[in-house]
Amino acid sequence: MKGTFPVSKFRELRTPFYYYDTRVLRDTLACIRSEAGRYENYKVHYAVKANANPKVLAIIRESGLGADCVSGGEIRAAIKAGFPTDKIVYAGVGKADWEINLGLDYGIFCFNVESIPELEVINELAAARGKVANVAFRINPNVGAHTHANITTGLAENKFGINMDDMERVIEIAGEMAHVRFVGLHFHIGSQILDMGDFTALCNRINDLLDKLEAHHIRVEHINVGGGLGIDYTHPNRQPIPDFRSFFATYANFLKLRPYQTLHFELGRSVVAQCGSLISRVLYVKQGANKRFAILDAGMTDLIRPALYQAYHKIENLTSEEPCETYDVVGPICESSDVFGKAIDLNKARRGDLFALRSAGAYGEIMASGYNCRELPQGYLSDELL
Ligand SMILES: *Cc1c(COP(=O)(O)O)cnc(C)c1O
């Protein structure tokens, strides 16, 4: 089954471009709202790094989510899109001074701090401005995730977060600083996680840590468990909205929240991935020595996930109903890894056909680069193409 697309509109547009189906996006946001709304103390933020297209951000902001940022540029993008500053959280192992100052000046809700040296700099910069910064500590829980190695973040070997064993010492250090206020703990174990058991393991770890802190009479008001919920790349039409009910229920069932605690989430991929497709034209169909290539005008500069993470994106020929043939679908970039799929069965392709690379709304447009002096792809909302 193919998705439904306004193909005649597509023919008028310069390819490649990203197409965002706003109905899918709005339905996804409505689902998050209702499923998280079952729990009084849940707060959901959108991880801006998944897609910062201003038109996409505006729709997400309208739904009432907060913003999770990992750079000064993302803080600016979130504010420009109208996210309230007191709903912005800011993580990252390498926050530059100007980025910290930006967060201080806007009065963002919280810095998710990833090291003691960073804590010291935040304290200094806040002192210089006569402010007190809310800080949460990103703890590396040493919990694995059943996902691609490049998108695992919660193992001791990863660069992210503060070692679990240092947690109490860091909280103590913060307690002695005049310009930071300790408000919570932050975790994020990885991305494209479909096994709820991984989130259960995180809950168990957090329970242990909270018990430990409680024994030392340390109160933690905010627990932020990050994002990571995966999507179905193989069947984008079968289940366009991820299983948010099970995701939120896993935390409700396994995390022993205290009554005064607020639980924060930072969802990126699961919010925007399925609404987006990369639309591209077939430039050439080339017969190789032992295979056929469909050469597209989109390449790894437009969508790098296949080259970077061996990621699978479903490919559809939107303009052919002819019997299927088998193709390697490749881009024009001068890199052998510029391949979107090998031995893919597609309706017979001809020059000029339009292909959709599905489930590309997250970590697609935002990761585009100008390598080979290429122009960045445009992004269009379905609303604009009516
Ligand atoms: C990337 C990231 C997220 C979002 O991850 P998804 O897998 O896209 O949901 C959330 N929190 C932090 C700190 C991140 O770095």
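Small disclaimer: the values here were computed from a predicted structure and weren't measured.

## Looking at the overall build of the chain
Part 1 of the argument: Helix and strand counts for the chain stand at 11 helices and 17 strands.
Part 2 of the argument: The globule rule puts the C-alpha radius of gyration for 386 residues at 21 Å, and the 22 Å found for the chain is close to it.
Part 3 of the argument: Taking the principal axes of its C-alpha atoms as reference, the chain extends roughly 70 × 40 × 40 Å.
Part 4 of the argument: Here the chain, with 386 residues, has 57% of them falling under the buried criterion.
Part 5 of the argument: With 42 positive and 46 negative side-chain charges, the chain shows a spacing of 6 Å between the two charge centroids.

## Section: the domain arrangement of the chain
Part 1 of the argument: Once the domains are mapped, the chain shows domain 1 (7-16 + 274-385) and domain 2 (23-273).
Part 2 of the argument: Distance from the C-alpha centre of domain 1 to the C-alpha centre of domain 2: 32 Å.
Part 3 of the argument: Carbon and sulfur atoms supply 51% of the area buried between domain 1 and domain 2, which totals about 2,200 Å² over both sides.
Part 4 of the argument: The three residues of domain 1 that bury the most area against domain 2 are Q274, C275 and Y363, which together make up 32% of that side's buried surface.

## As for the site of the ligand
Part 1 of the argument: Every one of the 14 residues lining the ligand counts as a neighbour, but K49, S191, E266, R269 and Y363 are closest to it.
Part 2 of the argument: In this structure, an oxygen atom belonging to the ligand sits 2.7 Å away from a side-chain N or O atom of K49.
Part 3 of the argument: In isolation the ligand exposes 390 Å². Once the protein is present, 95% of that is buried.
Part 4 of the argument: Counted by class, the shell around the ligand contains three nonpolar, six polar and five charged residues.

## A word on the pattern of salt bridges
Part 1 of the argument: Following the criterion strictly, the structure yields 21 salt bridges and no others.
Part 2 of the argument: Note that K291 is salt-bridged to D328, the shortest N-O span being 2.6 Å. Taken together, the residues K291 in the loop between strand 11 (276-287) and strand 12 (292-296) and D328 in strand 14 (residues 324-330) connect sequence positions 37 residues apart.
Part 3 of the argument: Linked by salt bridges that have partners in common, E35, R38 and R245 make up one network.

## Notes on the nonpolar core
Part 1 of the argument: I60, F111, F137, L185, F248, Y251 and V329 are the most contacted members of the largest nonpolar core, which has 100 residues in total.
Part 2 of the argument: Residue contributions to this core peak at seven residues, all from helix 8 (residues 196-215).
Part 3 of the argument: Both of domain 1 (7-16 + 274-385) and domain 2 (23-273) provide at least three residues apiece to this core.
Part 4 of the argument: Not counting chain neighbours up to four residues away, the residues in contact with L185 comprise A136, F137, I139, M167, L210, L213, V220, H222, I223 and N224.
Part 5 of the argument: Among the nonpolar cores identified, the runner-up in size contains 12 residues, and F5, I279, L318 and L354 belong to it.

## Looking at helix 8
Part 1 of the argument: Between its first and last C-alpha atoms helix 8 spans 29 Å; for 20 residues at 1.5 Å apiece the expected length is 28 Å, and the two agree.
Part 2 of the argument: Residues of helix 8 that are buried in the fold lie against strand 6 (133-140), helix 7 (167-175), strand 8 (180-186), strand 9 (222-224) and helix 9 (244-254).
Part 3 of the argument: For helix 8, the N-terminal cap is D195; the gap from its side-chain oxygen to the backbone nitrogen of G197 is 2.8 Å.
Part 4 of the argument: H217, located one to two residues past helix 8, shows a positive phi value of around 55 degrees.

## Quick word on the packing of aromatic side chains
The geometry of an aromatic ring pair is captured by two quantities: the separation of the ring centres and the angle between the planes.
Part 1 of the argument: Taken as a whole, this structure holds 19 aromatic pairs when the rule is applied.
Part 2 of the argument: Here the aromatic rings of F5 and F10 are separated by 6.0 Å at their centres, their planes lie at 45 degrees, and the arrangement is tilted. Of the two residues examined, F5 and F10, each falls in the buried class.
Part 3 of the argument: Arranged with centres 5.3 Å apart and planes meeting at 80 degrees, the rings of Y251 and F265 form a pair that is edge-to-face. Taken together, the positions of Y251 in helix 9 and F265 in strand 10 (residues 262-267) put the pair 14 residues apart, joining distant regions of the chain. One exposure class covers both Y251 and F265, and it is buried.
Part 4 of the argument: The rings of Y39, Y42, F199, F244, F247, F248, Y251 and F265 are connected pair by pair, giving a single aromatic cluster.
Part 5 of the argument: In this arrangement the basic side chain of K95 is found over the ring face of Y90, its NZ or CZ atom lying 5.2 Å from the centre.
Part 6 of the argument: One Lys or Arg, R219, reaches over the ring of Y260 and ends 3.8 Å from the middle of that ring.

## Comments concerning the pairing of strand 6
Part 1 of the argument: Among the eight residues of strand 6, eight are classified as buried, and the element is accordingly described as predominantly covered.
Part 2 of the argument: Along strand 6, one buried face is formed by A133, V135, F137 and I139 and the opposite face, lined by N134, A136, R138 and N140, is buried too.
Part 3 of the argument: This β-α-β element, strand 5 (residues 110-113) to helix 6 (residues 116-128) to strand 6, shows right-handed connectivity.
Part 4 of the argument: Two strands pair when backbone bridges link them, and strand 6 and strand 8 are joined in this way by six bridges, in the parallel orientation. Following the sheet pairing, F137 is matched in strand 8 by L185.
Part 5 of the argument: Strand direction decides the pairing type here: strand 6 and strand 7 (residues 162-163), joined by two bridges, are parallel. Bridged to N140 within strand 7 is N163.

## Quick notes on the packing of helix 8 against helix 9
Part 1 of the argument: At their nearest, the axes of helix 8 and helix 9 sit 9 Å apart, and the two run at 30 degrees to each other. Judged on the interaxial angle alone, helix 9 and helix 8 are roughly parallel. Two packed elements cross with a definite hand, and for helix 8 against helix 9 that hand is right-handed. Two secondary-structure elements touch here, helix 8 through M196, F199, T200, L202, C203 and N207 and helix 9 through S246, F247, T250, Y251 and F254.
Part 2 of the argument: Class assignment of the residues belonging to the contact of helix 8 with helix 9 gives a composition of seven nonpolar, four polar and no charged.

What counts, and at which threshold
Residues numbered from 1 in each chain as written. Predicted model: local features only at pLDDT ≥ 70, side-chain atom pairs only at ≥ 80, totals over all residues. Heavy atoms only, no water. Helix = DSSP H or I, 4+ residues; strand = E, 2+ residues; numbered from the N terminus. Rg over C-alpha atoms; globule rule 2.2 N^0.38 Å. Buried < 20%, exposed > 50% of the residue type's maximum accessible area, 1.4 Å probe, protein only. Lys, Arg positive; Asp, Glu negative; His and termini not counted. Charge placed at Lys NZ, Arg CZ, Asp CG, Glu CD. Domains from an automatic or database assignment. Buried area = accessible area lost by both parts, 1.4 Å probe. Near = heavy atom within 4 Å. Polar contact = N/O pair within 3.5 Å; in protein donor to acceptor, adjacent residues only side chain to side chain. Areas by Shrake-Rupley, 256 points an atom, 1.4 Å probe, with all protein chains shown as cover. Nonpolar A, V, L, I, M, F, W, Y, C, P; charged D, E, K, R; others polar. Salt bridge = Lys/Arg side-chain N within 4 Å of Asp/Glu carboxyl O. Core = buried A, V, L, I, M, F, W, Y, C linked by side-chain atoms within 4.5 Å. Contact = heavy atoms within 4.5 Å. Expected span 1.5 Å × (residues − 1). Phe/Tyr/Trp six-rings, centres within 6.5 Å; stacked < 30°, edge-to-face > 60°. Lys NZ or Arg CZ within 6 Å of the ring centre and 35° of its normal. Right-handed = clockwise from strand over helix to strand, strands pointing away. Pairing = 2+ DSSP bridges. Axes fitted to C-alpha atoms, helices over the stretch in contact; angles between N-to-C directions. Parallel < 35°, antiparallel > 145°, perpendicular 65-115°, else oblique. Left-handed = near helix turned anticlockwise from the far one by under 90°.

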